[in-house]
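Analysis of the macromolecular model
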Amino acid sequence: MYDTFKTHVSRELAAIESAGLYKNERIIVSPQGASIRVADGKEVLNFCANNYLGLSNHPKLRAAAAEALETHGYGMSSVRFICGTQDVHKQLESEISHFFGTEDAILYAACFDANGGVFEPLLGEEDAIISDALNHASIIDGVRLCKAQRYRYANADMEDLERQLQAAQAQRYRLIVTDGVFSMDGNVAPLDKIYLLAQQYDAMIMVDESHSAGVVGATGRGVTELYNMKGEVEIITGTLGKAFGGAIGGFTTGKKEIIELLRQRSRPYLFSNSIPPMVAAAGIQMFRMMDETNELQDKLHENTSYFVEKMLAMGFDIKPTASAICAVMLYDARVAQEVASAMLEEGIYVIGFYYPVVPKGQARIRVQLSAAHTRDQLDACLAAFKKVGIAKNIINV
Ligand SMILES: *Cc1c(COP(=O)(O)O)cnc(C)c1O
């Protein structure tokens, strides 16, 4: 059978390639950081990682991981409920709920798993999930695994959310689900307004803080901090793979009864391995650092404002952002690809996004700022945008 299947797969691959959608992976030979070395030996400044706080190669996290490797070993060889729970896993869960001001937390191998395992154990056929149209793929997949009725509202559109809530009144329980920060525009979910609608139409709220935790809010506690709603939403999911060190791991945190039920019934938790002890130990260290100082969040916010301000002053078209994501709008897919290559020639690594990742005619370069970027590195990126922008007739300074 494989002969004919192989032909089929090869045809699919060729179609992806000819549509210009084939994803090539660039090989990095240095640790992740503000400056990276790629396989051909070239050093480039990295503006496309989720390394928002610059923790991916932080000496304190490396030291905590190395120490745990000695004291707790390399791997757990077990799921949590058989023999995969160490003191560090419990401590990390408690650090997570302390950070978000929630009642309890449960760890997963990734936030993809947290979202995959959150809906099905909690809601059934008689219930409703009301989901933002731009929510992350893992939320979409998680909702698919659950029998609840599905409602969808246009991105951050509160009139549409209200209509969907009205339509969902016949259901037993209602859960509104939203990303905290939407990764393509960098906009923040209007949680204050969502909360009012949830009160009015008797619904619960779940926020995925993957791109917002560590980033949004004065002390990086995410959108619940930004809207002064810490502890107010029922469910928060998030990742340890972005601002929080960038290794691996996800979590769900919120009301303690919900977390307790997830420990009993959530399939990616019950049937998948525990995170490595060194990752848990580095996570604990990371949350303690955040309790001690707000230096990294302050630096990130300062870097983001500086960058956005200078880009606007040069005449670039920037999506309004409330996160560390800065979408430089170019609209045309070909131009976005050309700008990304030209930027790389200048030693700046940024990525162009175009259809189907963003709507047709909405192509852009997504710049991600980090606390690890120095002022000189930001200036180098800005200078490259200026040079490329003038050369491509995008700006005229
Ligand atoms: C990145 C991301 C995830 C997936 O996180 P992993 O821990 O890498 O699986 C889930 N949700 C959102 C909103 C994300 O941005």
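Now for a quick tour of the structure. (Residues numbered from 1 in each chain as written. Predicted model: local features only at pLDDT ≥ 70, side-chain atom pairs only at ≥ 80, totals over all residues. Heavy atoms only, no water.)

Some details on the sheet that holds strand 8 (residues 235-239)
As a reminder of what qualifies: Should DSSP find at least two bridges between two strands, the strands are regarded as paired. The way it works is that DSSP assigns letters per residue, a run of H or I at least four long becomes a helix, a run of E at least two long becomes a strand, and they are numbered from the N terminus. An axis is simply a line fitted to the C-alpha atoms; with a helix, the fit covers only the stretch in contact. Between two such axes, the angle follows the N-to-C directions and lies from 0 to 180 degrees.
Read from one edge to the other, the open sheet built from seven strands follows the order 3-9-8-7-6-4-5, with strand pairing classed as mixed. In this open sheet, the two strands that pair with only one neighbour each are strand 3 (104-108) and strand 5 (149-153). Sheet twist, expressed as the average angle between the axes of neighbouring strands with direction ignored, equals 20°. Of the strand pairs in this sheet, strand 3 and strand 9 (residues 250-254) are connected by five bridges, and their pairing is antiparallel.

Brief notes about the packing of helix 2 (residues 59-72) against helix 12 (residues 277-292)
As a reminder of what qualifies: Small angles under 35 degrees read as roughly parallel and large ones over 145 as roughly antiparallel, with 65 to 115 read as roughly perpendicular and the rest as oblique. Crossings are classed by handedness, with left-handed meaning an anticlockwise turn of the near helix from the far one by less than a right angle and right-handed meaning a clockwise turn. We call two residues contacting when some pair of their heavy atoms lies within 4.5 Å.
For the pair helix 2 and helix 12, interaxial distance at closest approach is 8 Å and the crossing angle is 140°. Relative to helix 12, helix 2 is oriented oblique. Judged by the sense of rotation from one axis to the other, the crossing of helix 2 with helix 12 is right-handed. From helix 2, Lys60, Leu61, Ala64, Ala65, Ala68, Leu69 and His72 reach across to helix 12, where they touch Pro277, Met278, Ala281, Ala282, Gln285, Met286, Met289 and Glu292.

A word on the pattern of salt bridges
Oppositely charged side chains may form a pair once their charged atoms are brought near each other. To keep things clear, this is the line we draw: Each reported salt bridge corresponds to a side-chain nitrogen of Lys or Arg within 4 Å of a carboxyl oxygen of Asp or Glu. Partly exposed residues are those whose accessible area sits between 20% and 50% of the maximum for their type, while under 20% is buried and over 50% is exposed, using a 1.4 Å probe and protein chains only.
Going through the model one piece at a time under the given rule, you end up with 19 salt bridges. Among the ionic pairs, Arg288 bridges to Glu95, the shortest N-O distance being 3.2 Å. With Arg288 in helix 12 and Glu95 in helix 4 (residues 87-100), the pair connects residues that are 193 residues apart, well separated along the chain. Accessibility expressed as a relative area gives 41% for Arg288, which makes it partly exposed. The class for Glu95 is buried, based on a relative accessible area of 11%. Here Arg334 makes a salt bridge to Glu338, at a shortest N to O gap of 3.1 Å.

Let's talk about helix 2
The periodicity of an α-helix, 3.6 residues per turn, causes residues three or four places apart in sequence to face the same way. Applied cut-off: To estimate the expected span of a helix, count its residues, drop one, and scale the result by 1.5 Å. An arc is given here, and it is the one of the directions from the helix axis to the C-beta atoms.
When the terminal C-alpha atoms of helix 2 are compared, their 19 Å separation across 14 residues agrees well with the 20 Å that a helix rising 1.5 Å per residue should span. Inspection of helix 2 places Leu61, Ala64, Ala65 and Ala68 among the buried residues, and these make up the whole buried set. All buried residues of helix 2 fall inside an arc of 100° around its axis, so they share one side. Opposite its buried face, helix 2 presents the exposed residues Pro59, Glu67 and Glu70, each directed more than 90 degrees away. Buried residues along helix 2 sit against helix 12. Downstream of helix 2 by a residue or two, Gly73 has a phi angle that is positive, lying close to 85°.

Description of the packing of aromatic side chains
To keep things clear, this is the line we draw: Note on aromatic pairs: the rings of Phe, Tyr and Trp (six-membered ring only in Trp) are paired at centre separations within 6.5 Å, and the planes decide the class, stacked below 30 degrees, edge-to-face beyond 60, tilted for the rest. In our convention, an over-ring charge means Lys NZ or Arg CZ found within 6 Å of a ring centre and within 35 degrees of that ring's normal.
This structure, assessed with the given rule, holds ten aromatic pairs. With a centroid separation of 5.0 Å and an interplanar angle of 80°, the aromatic rings of Phe99 and Phe100 are classed as edge-to-face. You can call Phe99 buried: its relative accessible area is 1%. Centroid distance Phe100 to Phe251: 5.7 Å. Interplanar angle 45°. Geometry classified as tilted. With a gap of 151 residues between them, Phe100 in helix 4 and Phe251 in strand 9 connect regions that are remote in the sequence. Using a relative accessible area of 0% as the deciding quantity, one classes Phe100 as buried. Judged by relative accessible area, Phe251 falls into the buried class, the value being 0%. One aromatic cluster is present, formed by Phe99, Phe100, Phe244, Phe251 and Phe287 through successive ring pairs. Across from the ring centre of Tyr306, 3.7 Å away, lies the NZ or CZ of Arg375, which sits over that ring.

Overview of the nonpolar core
Heads up, the rule is: To qualify as a nonpolar core, a set must consist of buried Ala, Val, Leu, Ile, Met, Phe, Trp, Tyr and Cys residues joined through side-chain atoms within 4.5 Å.
Ranked by size, the top nonpolar core spans 91 residues in total, and within it Phe244, Val367 and Phe385 carry the most contacts. Ranked by residue count, the leading element in this core is helix 12, at nine residues. Discounting residues that sit within four places of it in the chain, Val367 has contacts with Phe47, Phe307, Ala324, Ile325, Cys326, Val328, Val350 and Phe385.

Details of the environment of Cys48
Checked against the element boundaries, Cys48 lands in the loop between strand 2 (43-46) and helix 2. Cys48 sits 200 residues away from Ile248 along the chain, and the two C-alpha atoms are 18 Å apart. With residues near it in sequence (within four places) discarded, Cys48 still touches Tyr349, Val350, Ile351 and Gln368.

Looking at the pairing of strand 4 (residues 128-132)
What counts here: Viewed with both strands pointing away, a crossover whose connecting path from the first strand over the helix to the second turns clockwise is right-handed.
Among the five residues of strand 4, five are classified as buried, and the element is accordingly described as predominantly covered. Of the two faces of strand 4, the one holding Ala128, Ile130 and Asp132 and the one holding Ile129 and Ser131 are both buried throughout. By the bridge criterion, five bridges tie strand 4 to strand 5 in an arrangement that is parallel. Across the sheet, Ile129 pairs through a bridge with Arg150, a residue of strand 5. Taking the sense of rotation as the criterion, the β-α-β connection linking strand 4, helix 6 (residues 137-144) and strand 5 turns out right-handed. Of the pairings in the sheet, the one linking strand 4 to strand 6 (residues 174-179) comprises four bridges and is parallel in character.

Details of the packing of helix 7 (residues 158-167) against helix 8 (residues 191-200)
Let me state the cut-off plainly: In this classification, Asp, Glu, Lys and Arg are treated as charged, Ala, Val, Leu, Ile, Met, Phe, Trp, Tyr, Cys and Pro as nonpolar, and every other residue, Gly included, as polar.
For the pair helix 7 and helix 8, the least separation of the axes is 11 Å and the interaxial angle reads 20°. In terms of orientation, helix 7 lies roughly parallel with respect to helix 8. For the element pair helix 7 and helix 8, the recorded crossing hand is right-handed. Taken together, the residues of helix 8 that come into contact with helix 7 (itself represented by Met158, Leu161, Glu162 and Leu165) are Lys193, Ile194, Leu197 and Gln200. When grouped by side-chain class, the residues that make up the contact of helix 7 with helix 8 number five nonpolar, one polar and two charged.

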